[in-house]
Amino acid sequence: MRIQPRQQLVEVWRALLCACYDNGAWHWGGRDGANAISDTEQLLCLLYPATEIGAFALDQPDDMAEDVRAALLPLGAQARIGGALVGVLEDYFACYTTPDGEPTFGAGGYLRAADGSTPSAEQYRLEVVDAYSMSLTLCIASMRFLRVFQRLVDVEVRREARELSARIRTLVPQVSIRLTAAMTGLVRSFVVHTPSPKSKGGQAILGMLNQIDAPEDAVISGIARRLDRVRVQMANDIKLGQSLDIDLADDLLLFECGWSWGIAQKAAPIDFVSMRIGDQPGHADSRPDLYFTIVALDGIDDLALRRTQEMDLLNEEQRLLADALELRWDLTQRYWSTAARYGPGRWPLEDIPWRSSAGEESDYYTLAVAAMVLKDFVNRQATDELPRLVAVFDQLARRGRIISRLTAGDPAAALHYPGVRISMPGSEAVGEGPPLVWEVPDFATLLLKRSLQAWQLSRDVAMRDRLMSLAELTMDHLERRRIAAGPAAGLWDDAKQVAVSQRPGLSAVTDAVPNAPAAQPSWYLTERVVECLVCADRNFREPPLAMPTMIGRAIEMRSEAEHLLNQEMLEVDNSYVSQAILLRIEQQLDAARGLLREQPATAYSLAAQALLQLYELSYARRDAMR
């Protein structure tokens, strides 16, 4: 299907409000109950497009488009929509702030016991990187919305407007406090792992890097040279919140960096953060996890983008944290991009599936590493090796049954539901509970977002066409996973529908369940689909590619048309009709000149139309002289 971000986002907003808003009250919770991550994702489904896409802005009600206003009708009249959103934000921050003003980030029902038992009450309160990253994005979006909306409210004289302005002034510091806490959690969750080459972790890393069966010592020295600048910068500059016992000076040790599932066991306190999160003990093993690393990088993307445009969003404390996060963001992308492309011949990334240093293998890990390689390419605006990366995306789409059919008992189905199970080492020490796992069902949305980002980076028309085809097929897959009926209709995720649509015999099984409860929305997946649609909107608003060859053809076409127009002006009589036709042709060619560099194909077409009209004029004149 064609990706239509505006229409699809309007549909999501309409379905969101049908499911969540009733009689002036916002209803929290979804498939996994209410928790600090799910409720953040739920709110971002509304607020993220509203602050990223001008047509969806909620802080300027007078400029709201008709289709957007109709979707938001449950929130009230056009002038009251912003106030209703302020009330929802107040509920959220009140729920996830303790009486003494400390933000909370408990993962709640998103946590699963590895053995199928029930996590302990203390484990349900564990804070994970997802909570920090999503909160960072939400807080930045909230501050942008509140800042613009307050300026609008402050110029009004109604008593209701004055009360709303006072509520916003109370809310803004709460948003800022949560933003500081989320950034602190991300800094203290960053880890550097330095295994010995002979250890299990070291052997797993070398097994991925060594694609040509080279001597082990050659691989160790080779990757050390390739990563020398990253290693030196990490040793010299990564200080804030880091353990002091990391040995990056020894070239004989391997290393990897990224984010663990939560605050690391050996994370150092951050002295200038007065909240508990600045020095609370961590529980996560000091080994980076690929899933949590890509989640953290995506959150920092939002911080880096907004920070360059609106520095006044952050206070001094937050700028220090932002500097630390952006340094980790840069070094992590460079590390994984170098490791994934190491050596001659086949890349380690092309050896699917990727095997982590913990010995776990999955196509999802390959996609996560590919996403980091793409981030590095985007950061450097490098396209030379993009075709090889796109080939990996294609292969993953086929292996993940995005562009091929599921078969009976297909293990690829688990990529989509219940998702890849990611272990959380260290969680078993909390509250005498079982070891925990994190289930990740976002393989399709991760692939869709990276396909769209690769499309934006590519400067090749054929490559863009290939990537857009992949993105559209992935969107087809996601559309089949939409909930079809019940209060959550139009939202995600009904993953079994993919199997039903590809193997129709399964429909009898699902129809045979009497009085089955209505499907609850997965805010986890719905929010990630919304992110993809926002990314598509951003892509489609850019000018099309202007290929040099097409520019050359357009210039040649227009030059010929200009010359023939000048000839025709020497021959034409003074009749009004002839002068009007030539004036129209001249306007077409002027328009073509203005579009030569940005839309050469359009300029070519305008020049072609002008040539056709000039030919018809010339033919008519010659015919009249016979």
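Residues numbered from 1 in each chain as written. Predicted model: local features only at pLDDT ≥ 70, side-chain atom pairs only at ≥ 80, totals over all residues. Heavy atoms only, no water.

Details of the overall build of the chain
- Counting its secondary structure elements, the chain contains 22 helices and nine strands.
- Here the C-alpha radius of gyration of the chain, 28 Å, is about what a compact globule of 626 residues would show, namely 25 Å.
- The buried share among the 626 residues of the chain stands at 54%.
- The long-range share in the chain, meaning contacts at least 24 apart out of those at least 6 apart in sequence, stands at 75%.
- Put simply, the chain shows about 26,900 Å² of open surface, and 53% of that area lies on carbon and sulfur atoms.
- Within the chain, the 84 negative side-chain charges are centred at a point lying 2 Å from the centre of the 65 positive side-chain charges. (Helix = DSSP H or I, 4+ residues; strand = E, 2+ residues; numbered from the N terminus. Rg over C-alpha atoms; globule rule 2.2 N^0.38 Å. Buried < 20%, exposed > 50% of the residue type's maximum accessible area, 1.4 Å probe, protein only. Contact = heavy atoms within 4.5 Å. Areas by Shrake-Rupley, 256 points an atom, 1.4 Å probe, with all protein chains shown as cover. Lys, Arg positive; Asp, Glu negative; His and termini not counted. Charge placed at Lys NZ, Arg CZ, Asp CG, Glu CD.)

Here's the deal with helix α1 (residues 5-20)
- Under the 1.5 Å per step criterion, the end-to-end length of α1 is 22 Å for 16 residues, consistent within 8% with the ideal 22 Å.
- Those residues of α1 not exposed but buried are P5, Q8, L9, V10, V12, W13, A15, L16, L17 and C20.
- On its buried face, α1 sits against β1 (21-22), β2 (25-26), α2 (38-52), α3 (66-71), α16 (461-480) and α19 (523-540). (Expected span 1.5 Å × (residues − 1).)

Some points on the sheet that holds strand β8 (residues 420-423)
- One open sheet holds the three strands; their spatial order is β3-β9-β8, and the pairing between them is antiparallel. One side of each edge strand has no neighbouring strand; the edge strands of this open sheet are β3 (111-113) and β8. For this sheet, the mean inter-axis angle between neighbouring strands, taken without regard to orientation, is 45°.
- As judged from the three bridges shared by β3 and strand β9 (residues 436-440), these two strands associate in the antiparallel manner. (Pairing = 2+ DSSP bridges. Axes fitted to C-alpha atoms, helices over the stretch in contact; angles between N-to-C directions.)

Observations concerning the state of the cysteines
- A full pass over the atoms with the stated rule returns zero disulfides.
- Just so you know, C532 is unpaired, no disulfide at all, and the nearest cysteine sulfur is the one on C535, 7.1 Å from it.
- Residue C535 is classed as buried on the basis of its relative accessible area, which comes to 5%. (Disulfide = S-S within 2.5 Å.)

A few points about the environment of A414
- Relative to the elements of secondary structure, A414 occurs in the loop between α14 (386-399) and β8.
- With relative accessibility at 37%, the residue A414 sits in the partly exposed group.
- Sequence-wise, A414 and G400 are 14 residues apart; in three dimensions their C-alpha atoms are separated by 9.3 Å.
- Setting aside anything within four residues of it in sequence, one finds A414 in contact with G419 and V420.

Regarding the domain arrangement of the chain
- Under the domain assignment used here, the chain contains domain 1 (5-197 + 254-505 + 518-541) and domain 2 (551-625).
- On a C-alpha basis, the centres of domain 1 and domain 2 stand 52 Å from each other. (Domains from an automatic or database assignment.)

Some remarks on the nonpolar core
- With 180 residues, the main nonpolar core has L58, L72 and W438 as its most contacted residues.
- Not counting chain neighbours up to four residues away, the residues in contact with L58 comprise W13, L46, A50, M64, L72, I81, G82, L85 and F145.
- Within the second largest apolar cluster, 11 residues are counted, among which are L582, I585, L589 and L611. (Core = buried A, V, L, I, M, F, W, Y, C linked by side-chain atoms within 4.5 Å.)

With respect to helix α22 (residues 600-624)
- A rise of 1.5 Å per residue sets the reference length of α22, with its 25 residues, at 36 Å; its end C-alpha atoms lie 36 Å apart and thus fit the reference within 8%.
- Among the residues of α22, those classed as buried are P600, A603, L606, A607, A610, L611, Q613, L614, L617 and S618.

Considering the pattern of salt bridges
- Per the counting criterion, the structure on display carries 41 salt bridges.
- Ionic pairing is found between D394 and R466, a salt bridge with its closest N-O pair at 2.6 Å. With D394 in helix α14 and R466 in helix α16, this pair connects stretches of sequence that are 72 residues apart.
- The class for D394 is buried, based on a relative accessible area of 18%.
- Taken together, the shared-partner salt bridges connect D298, D301, K375, K449, R450 and E531 into one network. (Salt bridge = Lys/Arg side-chain N within 4 Å of Asp/Glu carboxyl O.)

Description of unusual backbone geometry
- A cis amide bond links I352 to the next residue, P353, at an omega of 5°.
- Along the chain, P353 turns up in the loop between α12 (316-340) and β6 (354-355).
- Put simply, Y417 and P418 share a cis peptide bond, and its omega is 0°.
- Assignment of secondary structure puts P418 in the loop between α14 and β8.
- Backbone geometry places D213, a non-glycine residue, at a positive phi of 55°.
- Structurally, D213 is set in the loop between α8 (200-209) and α9 (216-226).
- With relative accessibility at 72%, the residue D213 sits in the exposed group.
- In this structure, E432 is a non-glycine residue whose phi angle is positive, near 55°.
- Here E432 shows up in the loop between β8 and β9.
- With relative accessibility at 82%, the residue E432 sits in the exposed group.

Comments concerning the packing of aromatic side chains
- Counted under the stated rule, the structure contains 19 aromatic pairs.
- Taken together, the ring pairs connect Y21, W26, W28, Y92, F93 and Y96 into an aromatic cluster. (Phe/Tyr/Trp six-rings, centres within 6.5 Å; stacked < 30°, edge-to-face > 60°.)

What to know about the confidence of the model for the chain
- On average, the chain scores 91 in pLDDT, and the residues at 70 or more come to 95%.
- Across residues 504-516, confidence stays below pLDDT 50; counting only partners more than four residues off in sequence or on other chains, it has five contacts. (pLDDT = per-residue confidence, 0-100.)

Section: the packing of helix α20 (residues 548-571) against α22
- Two elements in contact, α20 and α22, have axes separated by 8 Å at closest approach and are oriented at 30°. As far as their axial angle goes, α22 and α20 are roughly parallel. In terms of crossing hand, the pair formed by α20 and α22 is left-handed. Counted together, M550, I551, R553, A554, M557, R558, E560, A561, L564, L565, E568 and E571 of α20 and P600, A601, A603, Y604, A607, A608, A610, L611, L614, L617, S618 and R621 of α22 form the full contact between these two elements. (Parallel < 35°, antiparallel > 145°, perpendicular 65-115°, else oblique. Left-handed = near helix turned anticlockwise from the far one by under 90°.)

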